[in-house]
Amino acid sequence: MSALKFTHHLHRPIFVAATRQHVGKTSVSLALTAGLKKRFNKIGFVKPVGQQHLIVQSQSSGLDVRVDKDVKLVREHFDLSHLDYKDMSPVIIPPGYTRDYIDGKVSRHDQLRSIHQAFNAQAEITDMLLLEGTGHIGVGSCVNANNAQVAAMVGADMVLVANGGVGSAFDSLDLNYNMCKSNGVRIAGVIINKVMPDKMEQTRKYMSALLKNNWGVPLLGVVPDKPFLGCPALADLERLFKTELLSGHEHRMRHYNVDGINLVTTSLGRFLENLRDKPARTMYVTHVTRNDIVLGFLAEHQRRMAEGKIFEAALVLCGRKGRYDLFPEIKDMIKSLNAPVLHITDSTYKAMETMHHFTPKLNIDDTSRVDQAVSHYEPHIDFDLLLKRTSKARSSFDEPAVERTSFDEPG
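Figured I'd write up the structure that's included with this text.

Criteria and thresholds
Residues numbered from 1 in each chain as written. Predicted model: local features only at pLDDT ≥ 70, side-chain atom pairs only at ≥ 80, totals over all residues. Heavy atoms only, no water. Core = buried A, V, L, I, M, F, W, Y, C linked by side-chain atoms within 4.5 Å. Buried < 20%, exposed > 50% of the residue type's maximum accessible area, 1.4 Å probe, protein only. Helix = DSSP H or I, 4+ residues; strand = E, 2+ residues; numbered from the N terminus. Contact = heavy atoms within 4.5 Å. Salt bridge = Lys/Arg side-chain N within 4 Å of Asp/Glu carboxyl O. Disulfide = S-S within 2.5 Å. Polar contact = N/O pair within 3.5 Å; in protein donor to acceptor, adjacent residues only side chain to side chain. Axes fitted to C-alpha atoms, helices over the stretch in contact; angles between N-to-C directions. Parallel < 35°, antiparallel > 145°, perpendicular 65-115°, else oblique. Left-handed = near helix turned anticlockwise from the far one by under 90°. Nonpolar A, V, L, I, M, F, W, Y, C, P; charged D, E, K, R; others polar.

Right, let's talk about the nonpolar core for a bit. In this structure, Met158 and Val190 are the most contacted members of the largest nonpolar core, which totals 45 residues. Ranked by the residues each element gives to this core, the list is headed by helix α5 (residues 147–154), at six residues. When near neighbours in sequence (up to four residues on either side) are disregarded, Val190 contacts Leu160, Leu173, Leu211, Trp215, Val217, Pro218, Leu219, Leu220 and Gly221.

With the rule as written, the count across this model stands at 23 salt bridges. Ionic pairing is found between Lys38 and Glu378, a salt bridge with its closest N-O pair at 2.8 Å. Residue Lys38 is found in helix α1 (residues 25–39), and its partner Glu378 is found in the loop between α13 (367–377) and α14 (383–390); the two are separated by 340 residues along the sequence. Residues Glu132 and Lys47 are paired through a salt bridge, measuring 3.2 Å at the closest nitrogen-oxygen approach. Taken together, the residues span a long stretch of sequence, with Glu132 in strand β7 (residues 128–136) and Lys47 in the loop between β2 (43–46) and β3 (49–50) at a distance of 85 residues. Judged by relative accessible area, which is 3%, Lys47 ranks as buried. Sharing partners across several salt bridges, the network here consists of Arg276, Glu300, Arg303, Arg304, Glu307 and Lys309.

Turning next to the state of the cysteines. Summed over all chains, the structure comprises zero disulfides. With no disulfide of its own, Cys142 lies closest to Cys180 among cysteine sulfurs, the gap being 17 Å. Residue Cys142 is classed as partly exposed on the basis of its relative accessible area of 46%. Judged by its relative accessible area of 0%, Cys180 is buried.

Turning our eyes to something else, we now look at the side chain of Asn363. With respect to the secondary-structure elements, Asn363 resides in the loop between α12 (348–356) and α13. Side-chain polar atoms of Asn363 contact the backbone oxygen of Lys361, separated by 3.4 Å. Contact partners of Asn363, with chain neighbours within four places excluded, come to Leu73, Asp236, Arg239, Arg369 and Val370.

Another point: the packing of helix α8 (residues 234–241) against α12. Helix-helix packing: each pair is described by the crossing angle between the helix axes and the interaxial distance. Here α8 crosses α12 at 120°, and the two axes come no closer than 12 Å. With respect to α12, the axis of α8 lies oblique. In this structure, the crossing between α8 and α12 has a hand that is right-handed. Residues Leu237, Leu240 and Phe241 of α8 form the contact with α12, whose own contacting residues are Ala351, Thr354 and Met355. Considering only residue class, the contact of α8 with α12 consists of five nonpolar, one polar and no charged.

Structure below.
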C-alpha cells in the first residue's frame, strides 16, 4: 500500500469510538465536526467501517454507492460538499458479510485498501480529519478491521466516549483502552456523556483523577444528560414498527417521551379527562378495538382545533395482525383528519415494551434533534486541549510503548 498522504496536516486524525452502543458517539462526532469546522478551513469525515447503510450517488463517478447512515447525516448537515461519498464510507458490513469474509469471498487486503484509499483521498483535500468508529473498540474484529486496528492503520488518536458515572464508566473504558494500547493507538482523551446534572462536578473531579493516575489521559468533556435527545419522533416509531401514520403526517418529526406513555384501559370519560389534564404532548396507547377511545380522541382534536388551542397528543392503536383490525369506517374517519394516529400490528404489551427499550438514532430528516445535539454537546468539549493533544508539532503525551500494527500483507 502507498504511504498515507496527510503530511501537510498539522494534527493527527481524530478517531471517535465508544465503550458500547447507544452512549452518544454520533452526538459527540457531530459536536466535534461542528467545532472543528470553525477552527479549520476544510475538514474530512470518514466512517471506515459501517453497518446500517443508505444508497447515495458519488459526485465523481455518478454511480450509486453504499454509505453508512451517519455519513449522509454529517455530510448534509454540515454541507461538506468537498467530500465525495465514495471516500466517506469505504467498508460496509451488511448481513452475511462476516460469513463471506470467513469463507474467503471478501479479501482482507481489498478491505483495508479501500479504507486506505478513502483516507488518502480525503487527506489530500482537507486540513483536519475526523473518523467515527462503529460500536465499541472491538467491533469489526471478526473481519480484522476493528476500531483500534483501523485507527492504528491511519495513525489516528482516539477519543473514547462512555456513559455517565465513575466506577462503572472507568471499568468499561479500561477494556477499550487496553485494546487501543495493544494496537499502539494513542488516547487523546475521554468524554463522559449523559451525566446527571447534579453529578457533573463529582464526575469531573473523580473521573479526571482516575484517567490521569491510571493512564495519564485527560478528561476532554463531561456532558449533562438531555432527555429530549432520547425521545423518539413519530417517524422513528414508523421505522421501528415498519408502518406509517394513518393521519397527521405533517407531525412525523414531533417527539414524545416514552416514559410518559399512557396505556388506555379505562372508560371513555376517564380518557377524555386525562386528555385534558395531562401535558399536551402525551402519547396514548390503546387496543385497536377501542372504537370509543378512537372517536373520543378525534373529537377532542376537532374541539381543540375549532377553539384555536394546541393539540399535540398522539394515539397508537395496537392489535395482533390477523386477529384484530380497524373497521374501515373508523379508518376513513381517522384519515380525514390531521390528528397523529399510528397503527401497530403488535399487542399493546409488546408495543409498549419495544418503545421503552428503543433508543432513537440521529438522522438527517430530524433536523431539530440534530441541531439540539450539536448545540448541547459542543460547549462541553475542550477543543483547545484536544487539538493540543493531537498536534504533530507539540504533543503532550508519548507514543505507546508498543509497535504499531502493520496491515501490509506478506509478499
